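# Observations on the three-dimensional arrangement
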Amino acid sequence: RGMITAILACAGKGERFGGDLPKQFLPLAGLPVYLHSLLLFERHPKIDKIVIVCPKDYVERVEEEVKKHTLTKVFSVVHGGRTRQESVFNGVKASPVETKYFLVHDGVRPCLSQSLLDRVIERMLEKGAVIPVIPCSDALVRVEEEQVVTPVDRTSVYLVQTPQGIRSEYLRACLERAEKEGKVFPDEGSLLHFYGYKVFTVSGEITNLKITYPQDFELAEILIKIKMKGIIL
């Protein structure tokens, strides 16, 4: 099947969250937020190598955590760029050349499950490019100046999650092209789609939440504690 390298994107500043410490480094149920996903990648039998992308000032701190937890799959820890896309590209460049597939995951999604990871890997090996999505269950409206402008039909609208799984040559080609053309995309799926690649989906999980605001952190803590007690897998 070829080498699978997981890139853990932990380079965000977390302006919307507030506080001095970026949210991916805050303690969550006894471990820094990013370490929850990192430990899952370390334990997963199909993931061969891991690259961690973090802010420049945190590289040493992350390297110490890697040693402390004896994480044998971590290939490199590199600093991020000005955008998520640039950070991911730094991670790609710092990955083993033999990498055939990349899994790119947000360091601020600590509740990733083994079963979702399995689904993404399986579909990625079959289709080449895959993203997890969940249907939008709430009503959607477009708002301007605190006023509803128009309702939005939610039947074909999905929320995009990570990890996103992509063949190495697809991701490298698109990142190089976007860099040359000065284009910036919010995630790998939209980057690939823009350059004409077919991007497939798998069912994501509502529990695979992204910590953006303080209330997300509280919810993640509850989910992790439930998981630790073995109530849900």
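Here is a short report on the structure shown in this document. Just so you know, these numbers come straight off a predicted model, no measurement behind them.

Rules of the game
- Residues numbered from 1 in each chain as written.
- Predicted model: local features only at pLDDT ≥ 70, side-chain atom pairs only at ≥ 80, totals over all residues.
- Heavy atoms only, no water.
- Pairing = 2+ DSSP bridges.
- Helix = DSSP H or I, 4+ residues; strand = E, 2+ residues; numbered from the N terminus.
- Core = buried A, V, L, I, M, F, W, Y, C linked by side-chain atoms within 4.5 Å.
- Buried < 20%, exposed > 50% of the residue type's maximum accessible area, 1.4 Å probe, protein only.
- Contact = heavy atoms within 4.5 Å.
- 1 Å grid on protein atoms, 1.4 Å probe; cavity = no way out; pocket = protein on both sides within 12 Å on 5 of 7 lines; lining within 4 Å.
- Points joined across faces, edges and corners; volume = space filled by probe spheres on them.
- Nonpolar A, V, L, I, M, F, W, Y, C, P; charged D, E, K, R; others polar.

Pairing of strand E6 (residues 99–106) with strand E11 (residues 164–167) involves four bridges; the strand directions are antiparallel. If you follow Tyr101 over to E11, its bridge partner there is Arg167. In the sheet, strand E7 (residues 129–135) pairs with E11 via two bridges, with the strands oriented antiparallel. Paired with Ala129 across the two strands is Ile166, which belongs to E11.

Turning next to the nonpolar core. In this structure, Leu38, Ile47, Ile52 and Leu103 are the most contacted members of the largest nonpolar core, which totals 33 residues. Within the residue set of this core, elements represented by two or more residues are strand E1 (3–9), helix H1 (33–43), strand E4 (49–54), helix H2 (59–68), strand E5 (74–79), E6 and helix H4 (114–127). Counting residues per element, this core draws most heavily on H1, which supplies six residues. In contact with Ile52, other than residues within four places in its own chain, are Leu8, Cys10, Leu38, Val62, Val66, Val74, Ser76, Val77 and Val78.

Our next topic: empty space enclosed by the protein. Overall, the coordinates contain one cavity of 30 Å³ or more when judged by the stated rule. Put simply, the largest cavity is a space of about 40 Å³. Considering the residues around the largest cavity, the lining is formed by Arg84, Gln85, Val88, Leu175, Phe185, Pro186, Asp187, Glu188 and Leu191. Among the elements of the structure, helix H3 (84–93) and helix H6 (188–194) are those that each provide at least two residues to the lining of the largest cavity. Of all the elements, H3 adds the most residues to the lining of the largest cavity, at three residues. Taken together, the residues of the lining of the largest cavity break down into five nonpolar, one polar and three charged.

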